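# Secondary and tertiary structure notes
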Amino acid sequence: MDYFQINGGNRLKGTVTISGAKNAALPIMAATLMVDGETVLQGVPDLIDVRHMCKMLNKLGVQTRRDDDGGLRITVTDEMNCHAEYELVRQMRASVCLMGPLLAKRKKAQVALPGGCAIGDRPISLHISGMEALGADSELISGDIHLKAKKLIGSEIFLGGPFGSTVTGTANIMMAATLAQGRTILESAACEPEITDLGDFLIACGAQISGQGTPRITIDGVSSLRGCEYAIIPDRIETGTFMIAAAITNGELTLQNCRPQHLLAVIDRLRRVGVIIERQDDGVVVSSARRLEPVEVSTQPYPGFPTDLQAQISALLCLADGNSMVTEKIFPDRFLHVAELNRMGARIRKESATVMIEGVKRLVGAPVMASDLRASAALVLAGLVAKGQTQLDRIYHIDRGYEQIEKKLNAVGADIARLSE
Ligand code: EPZ
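Residues numbered from 1 in each chain as written. Predicted model: local features only at pLDDT ≥ 70, side-chain atom pairs only at ≥ 80, totals over all residues. Heavy atoms only, no water.

### So, the environment of Gly-283
Relative to the helices and strands, Gly-283 resides in strand β21 (residues 283–288). You can call Gly-283 buried: its relative accessible area is 2%. Beyond its immediate sequence surroundings of up to four residues, Gly-283 is in contact with Leu-255, Cys-258, Pro-260 and Glu-278. (Helix = DSSP H or I, 4+ residues; strand = E, 2+ residues; numbered from the N terminus. Buried < 20%, exposed > 50% of the residue type's maximum accessible area, 1.4 Å probe, protein only. Contact = heavy atoms within 4.5 Å.)

### Some details on the nonpolar core
By size, the foremost hydrophobic cluster in this structure holds 76 residues, and its most contacted members are Met-29, Leu-98 and Leu-202. Per-element accounting of this core gives the leading share, seven residues, to helix α1 (residues 22–31). Dropping the residues within four chain positions of it, Leu-98 is found in contact with Ala-30, Leu-33, Met-53, Met-56, Leu-57, Leu-60, Ala-84 and Asn-172. Judged by nonpolar contacts, the second largest core, of 71 residues, contains Ile-237, Ile-248, Val-380 and Leu-381. (Core = buried A, V, L, I, M, F, W, Y, C linked by side-chain atoms within 4.5 Å.)

### What to know about the side chain of Thr-254
In this structure, Thr-254 sits in strand β19 (residues 252–256). Contact partners of Thr-254, with chain neighbours within four places excluded, come to Gly-14, Thr-15, Val-16, Gln-280, Val-284 and Val-285.

### Regarding the sheet that holds β19
Remark on secondary structure: sheet strands pair via backbone hydrogen bonds, oriented parallel or antiparallel. With respect to topology, four strands assemble into an open sheet ordered β2-β19-β21-β20, the strand pairing being mixed. What marks the edges here is a single partner per strand, and that holds for β2 (13–17) and β20 (275–279). The sheet shows a mean angle of 20 degrees between the axes of neighbouring strands, direction not considered. Across five bridges, β2 lies against β19 in parallel orientation. (Pairing = 2+ DSSP bridges. Axes fitted to C-alpha atoms, helices over the stretch in contact; angles between N-to-C directions.)

### Description of the packing of aromatic side chains
The full count for this structure, using the stated rule, is one aromatic pair. The interplanar angle of 70 degrees and the centroid separation of 5.6 Å between the aromatic rings of Phe-201 and Tyr-230 together place this pair among those described as edge-to-face. Of this pair, Phe-201 sits in helix α7 (residues 193–204) while Tyr-230 sits in strand β18 (residues 229–231), and the two are 29 residues apart along the sequence. Look at Tyr-230 and you get buried, because its relative accessible area is 13%. (Phe/Tyr/Trp six-rings, centres within 6.5 Å; stacked < 30°, edge-to-face > 60°.)

### Considerations on the state of the cysteines
Within the structure shown, the criterion is met by zero disulfides. No disulfide involves Cys-205; its sulfur sits 3.7 Å from that of Cys-228, the nearest cysteine. Cys-205 gets classed as buried once you look at its relative accessible area, which sits at 4%. Overall, the relative accessible area of 13% leaves Cys-228 in the buried class. (Disulfide = S-S within 2.5 Å.)

### Brief notes about the domain arrangement of the protein chain
Each assigned domain of the protein chain is listed with its residue range as follows: domain 1 (2–19 + 234–420) and domain 2 (22–231). Between domain 1 and domain 2, the C-alpha centre-to-centre distance is 30 Å. In this assembly, domain 1 packs against domain 2 so that about 1,800 Å² is buried in total across both faces, 58% of it on carbon and sulfur atoms. Area buried by domain 1 at its contact with domain 2 is led by Tyr-302, Phe-331 and Arg-400, which between them contribute 33% of it. Remark: the boundary between domain 1 and domain 2 carries two salt bridges. One salt bridge in this structure joins Arg-236 and Glu-194, with 2.8 Å as the shortest N-O distance. Of all elements in the fold, only α12 (373–385) and α13 (396–399) reach the threshold of two or more residues within the side of domain 1 that touches domain 2. Residues that form the side of domain 1 that touches domain 2 fall into these classes: nine nonpolar, four polar and eleven charged. (Domains from an automatic or database assignment. Buried area = accessible area lost by both parts, 1.4 Å probe. Salt bridge = Lys/Arg side-chain N within 4 Å of Asp/Glu carboxyl O. Nonpolar A, V, L, I, M, F, W, Y, C, P; charged D, E, K, R; others polar.)

Spelled out as structure tokens, the structure:
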């Protein structure tokens, strides 16, 4: 199994190009199940999760092929199979996004319930109730959700759950509604930029959608969708991760191909910490003052502070000059990085869904273990600044959501080796 060997202490300097957004690419790839003809997606990052989605699409009668220029060409050739199998779904929760397109286009879907996840309980009841609201019948048989509908009929659907809206639930139901008969209104829809990107892609394929990116999305069903060429938005979570990499190493990074407007809550918090963030034409320049101020952070649905950057900013706040508080309001158990950071000399104390972070003078390299995608990113950031060497095991977690992260970091002065046991 691969692991990273990180020698800390280098200040990062240079330019990093941000890749396309994983969480936009995955639902958009699922949406191609609904279109006739070829779709060409530009800017799809080469990640484990993207390759996994390609594998699932292939099993569902969809051809996928990478062009030499990196474009991803997708064409539906056979609509017989409607079963997203547990063996594949359990490896990637985003597979649940296959549900809406399969039901809308093939009038039935059999999708394995994703099961447990390292960051906590992740039900999909809002997805299923949304499909039922569109007229589908659902039944749970041996861990698979079976959905079928002769016809989907537009409806008003409320998508708010106990922790705010559901991102992939909004994606799933917006996709299903594009081929339903009549008007669907999604209330309390997720406003993430990845939802906006999915809506824009569907419109480019001929869908009639308005309000994507706001809490109310209106979809007027159409009879068919046609493939198109579409460019995925840059990854705001990768952008935020590299902003923090510049700050934690007291370096200076220029981040290209990014949308700072997708990170206003993150920029707000980082500026309060003392990070200097200047906008440029297609990116930002990030550097940090020597002294980091402690802050309070609470994760929220977009446009609030994203839960996917909670572990990363927690790593930065380990070195602030004072005590910080970070509250996780989306996934209250999303703290698997805490024990590992404490192994590196951090002083973090967890109290239910909040961690108190007492700033320390330095972190010290140690063998640590990745447990989920964003926790592993936080441990890489800690290793960049820790005194001595950090060994990070199970780095397949990080390869799920970051394209060649060690190559990008080494190109701006980091010292990370990818080794195999
Ligand atoms: C998406 O997951 C992202 N994944 C996650 O990114 C991200 O952390 C999450 O949204 C929140 O922003 C993709 O887009 C592929 P949710 P999703 O449904 O859609 C509860 C990463 O690191 N909920 O918005 O699965 C749920 O338990 C990943 O890239 C219900 O209660 O998340 C959670 O507390 C990790 N009932 C909250 O809503 C439901 O039916 C938000 O979940 C569905 C969700």
